[in-house]
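This is what each chain is made of:
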Amino acid sequence: MIVAVLLLVSAVSGIPVELPKSVEKCGYESCTQAEPGVLNVHIVPHTHDDVGWLKTVDQYYFGSRNNIQKAGVQYILDSVVKELWQDPKRRFIYVETAFFWKWWVRQGDDVRHKVHTMVRQGRLQFVGGAWSMNDEAASHYQSTIDQFTRGLRKLNETFGVCGIPRVGWQIDPFGHSREFASLLAGMGYDGLFLGRIDYQDKRTRLNNKEMEMIWRGDDNLGASSDIFTGVLYNTYSPPPGFCFDVLCDDEPIIDDPHSPMYNVDERVDKFLAISKNMSKRYRTNNILITMGEDFHYQDAEMWFHNLDKLIQ
């Protein structure tokens, strides 16, 4: 099986490179092009940061009350920006504008300049982009629209067109509504990815290769409410054995041939087997592998260091 790994490309980290503005590309134009005739594995580094769950918003942001949950969003954004800046081939997506904005207003000109540059170059991309990842059952549609308006307005006013998300990212709500799909289509989104669906529905979709579809959100609105929708294979977690976060205990990739713990061949073979198995459940030669979990990347170097090795 021939596999091309896209979106995150390995390279030896050296002096950060800032591309001339004339060659900067964001959005779809910044994506690595898929290769025909091979299985294209899209590795997507991400973090899922609940805007209030077991802790309050401020407790999550500042990293307080870690006896409840070890999570500090300010450290996630600090660390991710640092690691992205070290290597222009690295990529990351961020979702919750409430946390991003809480972090952004506390940054100096140097950090803001770096973030602006990486957004313009498609190295840091926003998906979802609302103030939070809203529930789709109990929330009223007006509240959903309001919180999308707030989040998207902040991104647009700060980064312009390169900050506007094109894809919805509803990976953690427990259930999904047709009305929400219609709202996203009406807001101009091109796609929507889901994490949690009913286990019987997911089993059927996996067996029938129906993990992706065009979802018509409203019969009266017709095609204008259509949105491409994909169900993620592993909810939104990394493949088993490939969690390289400080909160995980999976083995790192050890590429020193002189070490008795050298495990590159074993880890690569396992990753290829996982990719091949996933590809049997989707109809195209493109699969998406999420690399992240709840409040991951507080030490982003661990993730990117191992992902670089995996891809290489």
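Residues numbered from 1 in each chain as written. Predicted model: local features only at pLDDT ≥ 70, side-chain atom pairs only at ≥ 80, totals over all residues. Heavy atoms only, no water.

Student: In this structure, what is going on with the pattern of salt bridges? I would like to understand it.
Tutor: When the charged atoms of two side chains with opposite charge come close together, those side chains can pair. Enumeration according to the criterion identifies 12 salt bridges in this entry. Between R90 and D308 there is a salt bridge, and its shortest N-O distance comes to 2.6 Å. You can see R90 sitting in the loop between helix 2 (73-86) and strand 3 (92-94) and its partner D308 sitting in helix 9 (residues 300-311), a full 218 residues away along the chain. R216 is paired through a salt bridge with D226; the nearest N and O atoms lie 2.7 Å apart. (Salt bridge = Lys/Arg side-chain N within 4 Å of Asp/Glu carboxyl O. Helix = DSSP H or I, 4+ residues; strand = E, 2+ residues; numbered from the N terminus.)

Student: Honestly, the pairing of strand 5 (residues 167-170) in this entry has me stumped. Any pointers?
Tutor: For a regular strand, side chains alternate in direction, first toward one face of the sheet and then toward the other. Across the two faces of strand 5 the burial is the same, with V167 and W169 and G168 and Q170 all buried. One ladder, built from four bridges, connects strand 5 with strand 6 (residues 191-194); its direction is parallel. What sits directly across from V167, in strand 6, is G191. (Buried < 20%, exposed > 50% of the residue type's maximum accessible area, 1.4 Å probe, protein only. Pairing = 2+ DSSP bridges.)

Student: Sorry, what's going on with helix 8 (residues 264-279) here?
Tutor: Residues spaced three or four apart along an α-helix point in a common direction, a consequence of the helix completing one turn every 3.6 residues. An ideal rise of 1.5 Å per residue puts 22 Å on 16 residues; helix 8 measures up with 22 Å between its terminal C-alpha atoms. Buried within helix 8 are the following residues: V264, R267, F271, I274, S275, M278 and S279. Take helix 8 and look down its axis: the buried residues cluster within an arc of 135°, on one side only. Every exposed residue of helix 8 that faces more than 90 degrees away from the buried side is listed here: D265 and E266. Where helix 8 is buried, its residues touch strand 2 (39-45), strand 9 (286-291) and helix 9. (Expected span 1.5 Å × (residues − 1). Arc of directions from axis to C-beta. Contact = heavy atoms within 4.5 Å.)

Student: Even after reading the chapter, I still don't get the nonpolar core, so can you show me in this structure?
Tutor: In globular proteins that are soluble, nonpolar side chains generally tend to be buried together. If you look at the biggest cluster of nonpolar residues, it comprises 49 residues, and the most contacted ones within it are Y94, F100, V115, M291 and Y297. With seven residues, the top contributor of residues to this core is helix 2. Leaving out residues up to four positions away in the same chain, F100 has contacts with L77, Y94, V115, F126 and F159. With 12 residues, the next largest nonpolar core counts A130, L152, A185 and W215 among its residues. (Core = buried A, V, L, I, M, F, W, Y, C linked by side-chain atoms within 4.5 Å.)

Student: Can you walk me through the UniProt feature "domain: Glycoside hydrolase family 38 N-terminal" (unreviewed entry) in the protein in this structure?
Tutor: The sites that carry the UniProt feature "domain: Glycoside hydrolase family 38 N-terminal" (unreviewed entry) are, in the present numbering, residues 40-311. Helix makes up 39% of residues 40-311 and strand 14%, whereas the separation of the span's terminal C-alpha atoms amounts to 12 Å. (UniProt positions renumbered as here; feature names shortened; annotations may be inferred.)

Student: What exactly am I supposed to notice about the environment of S237 here?
Tutor: When you line up the elements, S237 lands in the loop between strand 8 (226-231) and helix 8. The spacing of S237 and S224 is 13 residues in sequence and 32 Å in space, taken between C-alpha atoms. Apart from residues no more than four positions distant in its own chain, S237 is found in contact with T290, G292 and E293. A distance of 2.6 Å separates the side chain of S237 from the side chain of E293, its partner in a polar contact. (Polar contact = N/O pair within 3.5 Å; in protein donor to acceptor, adjacent residues only side chain to side chain.)

Student: How should I be thinking about the packing of aromatic side chains in this particular structure?
Tutor: Two numbers describe a pair of aromatic rings. These are the distance of the centres and the angle of the planes. In the structure shown here, the tally under the stated rule is 18 aromatic pairs. A ring pair is formed by W104 and F159, whose centres lie 5.3 Å apart and whose planes are at 65°; its orientation type is edge-to-face. Residue W104 is located in helix 3 (residues 97-104), and its partner F159 is located in helix 5 (residues 141-159); the two are separated by 55 residues in the primary sequence. Like F159, W104 is buried. Take F159: its relative accessible area is 11%, and that puts it in the buried class. Feature note: the residues F92, F242, F244, F271, Y297, W303 and F304 constitute an aromatic cluster, connected by ring pairs. (Phe/Tyr/Trp six-rings, centres within 6.5 Å; stacked < 30°, edge-to-face > 60°.)

Student: Got a minute to help me understand a negative patch on the surface in this structure?
Tutor: Among the surface-exposed residues, D249, E251, D265, E266 and D269 lie close enough to one another that they form a single negatively charged patch. Position of D249 relative to the elements: it lies in the loop between strand 8 and helix 8. Under the relative-accessibility criterion, D249 is labelled exposed at 70%. (Patch = residues over 30% accessible without salt bridge, like charges linked within 9 Å, V, L, I, M, F, W, Y side chains within 5 Å. Areas by Shrake-Rupley, 256 points an atom, 1.4 Å probe, with all protein chains shown as cover. Lys, Arg positive; Asp, Glu negative; His and termini not counted. Charge placed at Lys NZ, Arg CZ, Asp CG, Glu CD.)

Student: Looking at this structure, I do not really get the state of the cysteines. What am I missing?
Tutor: By definition, a disulfide is the covalent link that joins the sulfur atoms of two cysteine residues. Tallying each qualifying case throughout the model produces two disulfides. Shown here is the disulfide that connects C26 with C162, its sulfur atoms set 2.1 Å apart. For the disulfide bridge between C26 and C162, the dihedral angle about the S-S bond is near -75°, and by the sign convention the bridge is left-handed. Of the two residues, C26 is situated in the loop between strand 1 (3-6) and strand 2 and C162 in the loop between helix 5 and strand 5; the sequence distance between them amounts to 136 residues. C243 shares a disulfide with C248; S-S distance 1.9 Å. A residue is classified by how much of its surface remains accessible, and C243, at 9% relative accessible area, is buried. In this structure C248 comes out as partly exposed when scored by relative accessible area, which is 25%. Once the disulfide-bonded cysteines of the protein are ranked by sequence position, their pairing pattern turns out to be 1-2, 3-4. (Disulfide = S-S within 2.5 Å.)

Student: Looking at this structure, how should I read the confidence of the model for the protein?
Tutor: Reading predicted coordinates in detail is not appropriate for stretches of low pLDDT. Taken over all residues, the pLDDT of the protein has a mean of 93, while the share at 70 or more is 93%. Segment residues 7-17: pLDDT under 50, and 34 contacts once partners within four positions in sequence are set aside and those in other chains are kept. (pLDDT = per-residue confidence, 0-100.)

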